[in-house]
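Notes for the structure review
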Amino acid sequence: MSRFKFSVGPWNVHTGADSYGPATRNDIPFEEKVKKFSEMGFSAIQFHDDDAVPNLNDLNEEEIRAEARKLKELLDKYHMAAEFVAPRLWMDPHTIDGGFMSTSKEDRDFAMWRAKRSIDIANELGTDMLVIWLAREGTLCAESKSPVWATRQLIEAINEMLRYDSKIRVVIEPKPNEPIDRSICGTMGHVMAISAATIDPSRVGGNLESAHAILAGLDPSHEIGFALAMNKLWTVHLNDQNGIKFDQDKSFGVENLRQAFNQIKVLMENNYGSNGEYVGLDVKAMRTTTDEDSYKHLENSLKIVKALEDKAARFDYDFQKKCVENRDFEGLEMYVMNLLMGIE
Ligand code: XLS
Ligand code: MG
């Protein structure tokens, strides 16, 4: 049992294709994924706009809403909620140079059209959360655009989303690089600053993904803590990452168990979830994984979260207090290692 509600995206069960090679597993139909997610104990699905409404570029606004309503019926059938909708602004030929801060006005307009359609879809699916993962928002060539202009473009784009819908909450998922070279909004600190600069900071928050924090050279539990201190941690994407290299989206906790423990601990200490927040997993299966094991990385991540919840629930705060009073941080550190290793 867990104290958390979990969410997952359909892209987390995938064929294994990467930049260097083709698929290694068969595609699984969307409805089958939803059914399996529900059996596994997930209570919500995360969506990109085109996960929810495939080929939406070819549809008009009313057709997009109608497709979203059909999806809502399917979700209801499996008692699944939609956690958020995120415009996919990195695949389309219009977003080669980014979305909201593209150097082309036509492409910026396209990005805003997709953001507004994502808000429409979110409304039909019964969620007030729009996640923006700023995949290509930054520079490929440092001199191609001014970082001042680009930052202001992002703020103005978010303002337009806030004006378009008076209820929508915009949740920024920061990442320092990849696929872009230099990102404009790389960490939770950037998210907070952008939020404060918008017309309604109360509706702009953050989504911390563990791997993205690690790519920025930061400890995800501190990024989580920072956003919690500002009351702006509105969702999380738990996963893991082996150092500063390409984005790996490994199963939660498999690279750095202590860091994973501290993410769960800080979430629990601050009652994360009490306002309806989900623990989202954004994990990918290895390329070698077989069809039969297509969901194993998700099962493993859920098991690790739950096991770490048990560890965090047993954390001896009296002992910690004594160690802190005596400045016995060596003792405290060994206590944590023993707790994680099961040596008591
Ligand atoms: C990046 C994800 C991405 C976002 C949502 O981390 O894979 O899809 O979480 O857009
Ligand atoms: Mg993510």
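The structure presented is a predicted model; accordingly, all values stated were derived computationally and were not measured.

**Regarding the overall build of the protein**
Helices and strands together make up the secondary structure of the protein, namely 12 helices and 10 strands. The C-alpha atoms of the protein give a radius of gyration of 20 Å, which matches the 20 Å a tight globule of 344 residues would have. Put simply, 77% of the contacts in the protein that link residues at least 6 apart link residues at least 24 apart. Element-wise, carbon and sulfur atoms account for 51% of the exposed surface of the protein, whose accessible area totals about 15,800 Å². Charged side chains in the protein number 41 positive and 56 negative. The centres of these two groups are separated by 2 Å.

**Quick notes on the packing of aromatic side chains**
Applying the stated criterion to the full structure yields 9 aromatic pairs. On the basis of an interplanar angle of 70 degrees and a centroid distance of 4.6 Å, the ring pair of Trp90 and Trp133 is categorised as edge-to-face. Placement of the pair is Trp90 in the loop between β3 (81–86) and α4 (105–125) and Trp133 in strand β4 (residues 129–133), with a sequence separation of 43 residues. Judged on exposure class, the residue Trp90 and its partner Trp133 are both buried. The residue whose ring lies beneath Lys265 is Phe315, and the NZ or CZ to ring-centre distance is 4.7 Å.

**Details of unusual backbone geometry**
Looking along the chain, the bond that leaves Glu178 and enters Pro179 is cis, with omega of 5 degrees. Assignment of secondary structure puts Pro179 in the loop between β6 (169–173) and β7 (182–183). Non-glycine residue His79 carries a positive phi angle of around 55 degrees. Counting through the fold element by element, His79 comes out in the loop between α3 (61–77) and β3. For Arg327, which is not glycine, the phi torsion reads 50 degrees and is therefore positive. In this fold, Arg327 is placed in the loop between α11 (317–325) and α12 (329–341). For Arg327, a relative accessible area of 67% translates into the label exposed.

**A look at the site of ligand 1**
Trp11, His48, Ala86, Trp90, Trp133, Glu173, Glu209, His212, His237 and Asp282 make up every residue found near ligand 1. Within the contact set of ligand 1, an oxygen atom lies 2.7 Å away from a side-chain nitrogen or oxygen of Glu173. Here an oxygen atom of ligand 1 sits 3.1 Å away from a polar atom, N or O, in the side chain of Asp282. Protein contact buries 96% of the 290 Å² of open area that ligand 1 shows by itself.

**Here we look at the coordination of the magnesium ion (ligand 2)**
Put simply, a metal with four donors set out as a tetrahedron has ideal angles of 109.5 degrees, and one with six donors set out as an octahedron has ideal angles of 90 or 180 degrees. Taken together, Glu173 (OE), Glu209 (OE), His237 (ND1) and Asp282 (OD) make up the protein donors of the magnesium ion (ligand 2), found 2.0 to 2.2 Å from the metal. For the magnesium ion (ligand 2), the 6 donor atoms in the first shell make angles of 76 to 177 degrees at the metal, a pattern classed as octahedral. Sequence spacing among the residues donating to the magnesium ion (ligand 2) works out to E-x35-E-x27-H-x44-D. With Glu209 in strand β8 (residues 204–209) and His237 in strand β9 (residues 233–238), this pair connects stretches of sequence that are 28 residues apart.

**Things to note about the packing of helix α6 (residues 188–197) against helix α8 (residues 220–229)**
A pair of packed helices is captured by two measures, namely the crossing angle of their axes and the spacing between those axes. Where α6 meets α8, the closest approach of the two axes is 9 Å, and the angle between their N-to-C directions is 20 degrees. In terms of orientation, α6 and α8 fall into the roughly parallel class. Crossing geometry of α6 relative to α8 is assigned as right-handed. Contacts between α6 and α8 involve Met188, Gly189 and Met192 on the former and, on the latter, Glu223, Phe226 and Ala227.

**Examining the side chain of Asp240**
In this structure, Asp240 sits in the loop between β9 and α9 (257–269). No salt bridge forms around the buried Asp240; measuring N to O, its nearest opposite-charge neighbour Lys250 is 7.8 Å away. A polar side-chain atom of Asp240 sits 2.8 Å from the main-chain amide nitrogen of Glu255. Setting aside residues no more than four positions away along its own chain, Asp240 makes contact with Ala211, Ile214, Gln248, Asp249, Lys250, Ser251, Phe252, Gly253, Val254, Glu255 and Asn256.

**Considering the confidence of the model for the protein**
Within the protein, residue pLDDT values average 98, and 100% of them lie at 70 or more. Confidence scores differ between elements of the protein, with β7 showing the lowest mean pLDDT of 96 and β3 the highest of 99.

**Here we look at the pattern of salt bridges**
A side chain with one charge can pair with a side chain of the opposite charge if their charged atoms come near. Applying the stated criterion across every chain yields a total of 31 salt bridges. Across the pair Lys35 and Glu39 runs a salt bridge whose closest N-O atoms are separated by 3.3 Å. A residue pair is termed a helical-turn pair when its members lie 3 or 4 positions apart in one helix, as Lys35 and Glu39 do in helix α1 (residues 30–40) at 4 residues. Accessibility expressed as a relative area gives 41% for Lys35, which makes it partly exposed. Of the charged contacts, one joins Arg163 and Glu156 as a salt bridge, the two residues approaching to 2.5 Å between their closest N and O atoms.

Thresholds applied
Residues numbered from 1 in each chain as written. Chains lettered and ligands numbered in written order. Predicted model: local features only at pLDDT ≥ 70, side-chain atom pairs only at ≥ 80, totals over all residues. Heavy atoms only, no water. Helix = DSSP H or I, 4+ residues; strand = E, 2+ residues; numbered from the N terminus. Rg over C-alpha atoms; globule rule 2.2 N^0.38 Å. Contact = heavy atoms within 4.5 Å. Areas by Shrake-Rupley, 256 points an atom, 1.4 Å probe, with all protein chains shown as cover. Lys, Arg positive; Asp, Glu negative; His and termini not counted. Charge placed at Lys NZ, Arg CZ, Asp CG, Glu CD. Phe/Tyr/Trp six-rings, centres within 6.5 Å; stacked < 30°, edge-to-face > 60°. Buried < 20%, exposed > 50% of the residue type's maximum accessible area, 1.4 Å probe, protein only. Lys NZ or Arg CZ within 6 Å of the ring centre and 35° of its normal. Near = heavy atom within 4 Å. Polar contact = N/O pair within 3.5 Å; in protein donor to acceptor, adjacent residues only side chain to side chain. Donors = N, O, S within 2.8 Å, 3.2 Å for Na, K, Ca; no water. Tetrahedral: all angles 85-135°; square planar, octahedral: opposite > 155°, others 65-115°. Axes fitted to C-alpha atoms, helices over the stretch in contact; angles between N-to-C directions. Parallel < 35°, antiparallel > 145°, perpendicular 65-115°, else oblique. Left-handed = near helix turned anticlockwise from the far one by under 90°. Salt bridge = Lys/Arg side-chain N within 4 Å of Asp/Glu carboxyl O. pLDDT = per-residue confidence, 0-100.

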